[in-house]
Amino acid sequence: MAEKGGKGFSLPKNGKSALKSPASKGKDDISAKSKRGRKVQFDSEGSLDTNFTKSNGKADQPSSKGVSGKGGKGEKAGSGSKSQTAKAPGPLELRVEQELPDNTACLMDCEAADILQGIQEQMVVLSEDPAIKLPISFDRGLAYAQRNRLYDNPEIVKQILKPLKEHGVSDGELCMIANFAVESVEEVFALVPSLKTKKSKLRIPLKNVLGELAKLRRPA
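Bear in mind that the values here come from a model prediction, so they are computed numbers and not experimental data.

Asker: Would you explain the environment of A181 in this entry?
Answerer: Along the polypeptide, A181 turns up in the loop between α8 (171-179) and α9 (185-191). Residues A181 and A214 lie 33 residues apart in sequence; the distance between their C-alpha atoms is 8.1 Å. When near neighbours in sequence (up to four residues on either side) are disregarded, A181 contacts L150, E187 and R217.

Have a look at this one:
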């Protein structure tokens, strides 16, 4: 017996149609594609694009020329725009003399020890003058100079250092050389980096000066 719906058209026992209309088939295809995932992609400007696919639960990212990757133009552009190499800093300069007032001078430890010792010997006379007041740091300065002096006769040391001054070595740099028991020319350049710019013309004079100073140095 034919059921309602047309001649020769019968319903299956489970109540569902065994045939699918073309319209329903199209809907099923769209549904299946949507389950696999929409194609979504963000371009470099942040806008939404529909070329991003998802298959088997994993996202497939399409290669983009602007994105950095192997062989991509973005990588080449990044490597091509190299930042300028920072220039190496020049040798340090001893700026003690520039920071001191005009009416002051740099002294070697042996010079300072003699001057402070002379003042201490006149303390009885100086204490009678109320206008003269020695700073609290006087005793500390005297003790430091006496403890660190390397030479007994400052005037002879100044004569030995004089050739270096003729080559442009400043008083502050001369004091640095005289205040330390320097053994070699390379030690001098390490101690006073500002002299490195004059290495070629100072190497031989420095060697002679160090040899003479070693003869006058007080025993440790």
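That covers the picture; the talk isn't over yet.
Asker: Just checking my understanding: could you explain the packing of helix α7 (residues 154-166) against helix α10 (residues 199-216) for this structure?
Answerer: For any two helices packed against each other, the geometry comes down to the angle between their axes and how far apart the axes lie. At a closest axis distance of 9 Å, the pairing of α7 and α10 adopts a crossing angle of 170°. Relative to α10, α7 is oriented roughly antiparallel. Facing α7, whose interface residues are I156, V157, I160, L161 and L164, α10 presents L202, P205, L206, V209, E212, L213 and L216. Classifying every residue of the contact of α7 with α10 by side-chain character gives eleven nonpolar, no polar and one charged.

Asker: Looking at this structure, how should I read the confidence of the model for the protein?
Answerer: If pLDDT is low for a region, its predicted coordinates should not be looked at in detail. Scored by pLDDT, the protein comes out at a mean of 73, with 55% of its residues at no less than 70. Mean pLDDT across the elements of the protein bottoms out in strand β3 (residues 53-55) (46) and peaks in α7 (95). Within the model, the stretch residues 1-6 combines pLDDT values under 50 with one contact to residues more than four positions away or in other chains. Taken together, the stretch residues 74-83 has pLDDT below 50 and engages in six contacts with residues farther than four places along the chain or on a different chain.

Asker: Help me out: how do you make sense of the pattern of salt bridges in this one?
Answerer: Where charged atoms of side chains with opposite charge meet at close range, the side chains can pair. Counted by the stated rule, this structure contains seven salt bridges. A salt bridge links R218 to D152; the nearest nitrogen and oxygen atoms lie 3.1 Å apart. Here the residue R218 occupies a position in the segment after α10, and D152 occupies one in the loop between α6 (138-148) and α7, the gap between them amounting to 66 residues. Take R218: its relative accessible area is 35%, and that puts it in the partly exposed class. For D152, a relative accessible area of 53% translates into the label exposed.

Asker: Please explain the packing of helix α4 (residues 109-121) against α6 as it appears in this structure.
Answerer: Interaxial distance between α4 and α6 falls to 8 Å at its minimum, and their mutual angle equals 135°. The orientation of α4 with respect to α6, classified from their angle, is oblique. For the crossing formed where α4 meets α6, the hand is left-handed. Contact with α4, carried on its side by D109, A112, A113, L116, Q117, I119 and Q120, involves F138, G141, L142, Y144, A145, Q146 and N148 of α6 and no other residues of that element. Residue composition of the contact of α4 with α6, by class: eight nonpolar, five polar and one charged.

Rules and cut-offs
Residues numbered from 1 in each chain as written. Predicted model: local features only at pLDDT ≥ 70, side-chain atom pairs only at ≥ 80, totals over all residues. Heavy atoms only, no water. Helix = DSSP H or I, 4+ residues; strand = E, 2+ residues; numbered from the N terminus. Contact = heavy atoms within 4.5 Å. Axes fitted to C-alpha atoms, helices over the stretch in contact; angles between N-to-C directions. Parallel < 35°, antiparallel > 145°, perpendicular 65-115°, else oblique. Nonpolar A, V, L, I, M, F, W, Y, C, P; charged D, E, K, R; others polar. pLDDT = per-residue confidence, 0-100. Salt bridge = Lys/Arg side-chain N within 4 Å of Asp/Glu carboxyl O. Buried < 20%, exposed > 50% of the residue type's maximum accessible area, 1.4 Å probe, protein only. Left-handed = near helix turned anticlockwise from the far one by under 90°.

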